[in-house]
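Listed below, chain by chain, are the residues.
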Amino acid sequence: MMVEDAPESRKPASGKSPHFPVFEEFKEASYQDRYDILCQRLVQEQLYTTASVIAAPRDAMNMGKFSELSPWTGIKTFVTTLAGHVAAQAARLG
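Residues numbered from 1 in each chain as written. Predicted model: local features only at pLDDT ≥ 70, side-chain atom pairs only at ≥ 80, totals over all residues. Heavy atoms only, no water.

Describe the pattern of salt bridges, with residues and values.
Enumeration over the complete set of coordinates arrives at four salt bridges. Of the charged contacts in the structure, one is a salt bridge between E25 and R41, with a shortest N-O distance of 2.4 Å. One end of the pair, E25, is in the loop between α1 (7-10) and α2 (31-44); the other, R41, is in helix α2, with 16 residues separating them in the sequence. Since its relative accessible area comes to 37%, E25 is described here as partly exposed. For R41, a relative accessible area of 23% puts it in the partly exposed group. (Salt bridge = Lys/Arg side-chain N within 4 Å of Asp/Glu carboxyl O. Helix = DSSP H or I, 4+ residues; strand = E, 2+ residues; numbered from the N terminus. Buried < 20%, exposed > 50% of the residue type's maximum accessible area, 1.4 Å probe, protein only.)

This is the structure in structure tokens:
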């Protein structure tokens, strides 16, 4: 997942919802933090094998500059897990 690295996505967002209760960790968390928490939870609850969240400014399109939000949702973790799955599948088909 990619989120724009902008002041609006880094500042704390409102933790109010008129329809559903908001998890405590989402209250006063930025949008970037919320995406990171969501992806970590999807992996912890074994709904996803791995997930990645990166942030990049809008003007980084041509240079490919980005930042990772945490080691658990970083590119290295994502690619390593994906490579493990590819290797396991190749061994099965071998």
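Summarise unusual backbone geometry; cite the residues concerned and give the values.
Notably, E28 is not glycine yet its phi reads approximately 60°, a positive angle. Tracing the chain through its elements places E28 in the loop between α1 and α2. The backbone of Q46 shows a phi angle near 60°, a positive value even though the residue is not glycine. Relative to the helices and strands, Q46 resides in the loop between α2 and β2 (54-56). Of the residues examined, Q46 reaches a relative accessible area of 71% and is grouped as exposed.

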